[in-house]
Amino acid sequence: MKKSKIAVGGFLALTLACGGVAWQDAADQAGLSPRAEAAQASERSYENKGLRLRIPGDYDGLLLVEKLQDAEGDIFSVSERASVEAARKAYPGEFRGAGWLFAIGRVSEERLHDLLRGDMSGAELFAADGKGNYYMYYHPTDVRYMRETPEAMQRDQEQWSRLNAWAWEKVRQDFIKANSLTALSADNSSVGMCLARILYVPGTKFTLAKNAEKPLQGEQSLACSYGEKLLYGNSFEMINERKLPQGDKFILSLPEEKLKLEFFRDKQGYDYVLEQRPGLRDNLYKAVPVEEHAVALPILEEWLQAEAIDEEAASWGYTPDSLVGTWAEKIAGRGVINIEKSDSTGLYKVHISWGNGANETYFWEMTAKPAGHNTLRYQDCRHTIVTFSENGNEREKLVYEKGSGSFTLNSAHEIMWQDEVGGAGENAVFLGV
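In short, a report on the structure. If you're wondering where the values come from, they're calculated on a predicted model, not measured in any experiment.

1. Some details on the sheet that holds strand S12 (residues 249–254)
Point 1. Taken together, 7 strands build an open sheet; the order of strands is S10-S9-S12-S13-S14-S15-S11 and the sheet is antiparallel. Only two strands of the sheet have a single neighbouring strand rather than two, namely strand S10 (216–217) and strand S11 (234–239).
Point 2. Most of the contacts of helix H12 (residues 296–315) go to strand S9 (residues 207–210), to which it runs at about 110 degrees, and overall it touches S9, S10, S12, strand S13 (259–265), strand S14 (271–276) and strand S15 (283–289).

2. Notes on unusual backbone geometry
Point 1. Residue Lys 49 is not a glycine yet carries a positive backbone phi of 55 degrees.
Point 2. Residue position: Lys 49 is located in the loop between strand S1 (44–48) and strand S2 (51–55).
Point 3. Residue classification places Lys 49 among the partly exposed positions, given a relative accessible area of 29%.
Point 4. Of note, Lys 258 is a non-glycine position whose phi angle comes to about 55 degrees, a positive value.
Point 5. If you trace the backbone, Lys 258 turns up in the loop between S12 and S13.

3. Some details on the environment of Glu 110
Point 1. Along the chain, the position of Glu 110 falls in helix H6 (residues 109–116).
Point 2. For Glu 110, a relative accessible area of 63% puts it in the exposed group.
Point 3. For Glu 110 and Tyr 200, which are 90 residues apart along the polypeptide, the C-alpha to C-alpha distance reads 8.9 Å.

4. What about the pattern of salt bridges?
Point 1. The full count for this structure, using the stated rule, is 22 salt bridges.
Point 2. A salt bridge links Glu 401 to Arg 382; its shortest N-O distance comes to 3.5 Å. Note that Glu 401 is positioned in strand S21 (residues 394–409) and Arg 382 in strand S20 (residues 375–388), a separation of 19 residues in sequence.
Point 3. Look at Glu 401 and you get partly exposed, because its relative accessible area is 49%.
Point 4. Shared partners join several salt bridges into a network, and the residues in it are Glu 80, Arg 147, Arg 155 and Asp 156.

5. Focus: the sheet that holds strand S17 (residues 335–341)
Pairing between sheet strands relies on hydrogen bonds along the backbone, with the strands arranged either parallel or antiparallel.
Point 1. Here we have 8 strands rolled up into a closed barrel, ordered S16-S17-S18-S19-S20-S21-S22-S23, and antiparallel in their pairing. Strand-to-strand, the axes of this sheet are offset by a mean angle of 30 degrees, without reference to chain direction.
Point 2. The pairing of S21 with strand S22 (residues 415–419) spans 5 bridges and is antiparallel. Each bridged residue has a counterpart across the sheet, and for Thr 408 the counterpart in S22 is Met 416.

Conventions we followed
Sequence order as written defines residue numbering, which begins from 1 separately in each chain. Whole-chain, interface and lining totals are the exception, using all residues; otherwise, since this is a predicted model, local features are given only for residues with pLDDT of at least 70 and side-chain atom pairs are given and counted only at 80 or more. With hydrogens and water set aside, each side-chain value is computed from the structure's full complement of heavy atoms. Any two strands with at least two DSSP-identified bridges between them are counted as paired. Elements are defined by DSSP. Helices are runs of H or I of four residues or more, strands are runs of E of two residues or more, and each kind is numbered from the N terminus. Contacts are assigned to residue pairs that have any heavy atoms within 4.5 Å of one another. Angles here are taken between N-to-C directions and fall from 0 to 180 degrees, while the axes themselves are lines fitted to C-alpha atoms, restricted in helices to the stretch in contact. Each residue is placed in one exposure class: buried if its accessible area under a 1.4 Å probe, protein chains only, is under 20% of its type's maximum, exposed if it is over 50%, and partly exposed if it falls in between. Whenever Lys or Arg places a side-chain nitrogen within 4 Å of a carboxyl oxygen from Asp or Glu, that contact is recorded as a salt bridge.

Just geometry here; none of it tells us what the structure is for.
Shown next as structure tokens:
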């Protein structure tokens, strides 16, 4: 989403000369007042596109809330009323953008992937709804505070700072709570953009290696299981220290871009990434996990092992289509997996039935996509139990939805099922029928 800026030199000079501060500084310098905290109980709620934005009662009269309807999926935009009115008086017709605090937008998965591949300055991914929608928090990257006189600028500085502190520290968390969303963030450093290109740009070539070992050519469909943990589970923060790789290092390279990322761990147990490009100064990033399972080095270790296994599966002549067919559980044959190609390119429909006596059958249905040459992964499994009565009626019980897992074809041409929710396929193998 693009927001127009006030491109008037006199306005910007006035804000700087009179002690105006950018939103980043304001959020750091000021917290909410006790009165503002108490006002949470008397909030006002704005609704648009089925979503709610709650404004503390003490702040509502100080703000202008726009309900947006543009094609990019923007929902709300919030500005400080006094700055907007001052800009209108000083620059009729040129005031758009003055006092802007933040906006909230909703984007599709495809659009999110496009955004993550490039610089997202002024935009932050902060939530998802589990229905393929992702929520962005847009914020200024310059000064938007304005008053008609230097005296007024000085007088209202505290108000501007409090509003910015609320906008930066409270809005996203409250929006998630008010709309039953799930918090989600993504890195957008140079490291994050590299990972996004590997994950979301078809045909991107990359290699992965450990220390001085021969690099393995990366398989893009396999990368999602590991690259997304790094991208959404870490913040890669550039630092000025000069640390050289110590001990084991994992090297992720994009040959066509002449880019190399070296992941390593220091003696204190912190993970780092050294970004290297020919003819340019190296950049060092500290990998800060925002989720427990996302620590960088173990993910790189698992990723490299998976690439080695996938390279072997490719040598057997396997492709994702090798899993298409009907497969029966090897011991008793009560569990049957049916895999067929979907009408949607690159996807597979999977149906599993497992008899539990004469009157009860377990069912799993999911859509899977390739994760290398011999594995299909899914994240949308619906598991039900159907019970049949003596008079022929049946009753369906929903066990869970949105379950995840995978199907892997081993060297003996048997399918192994990993059910990450219920463990239904544990220790079981399935033979083609």
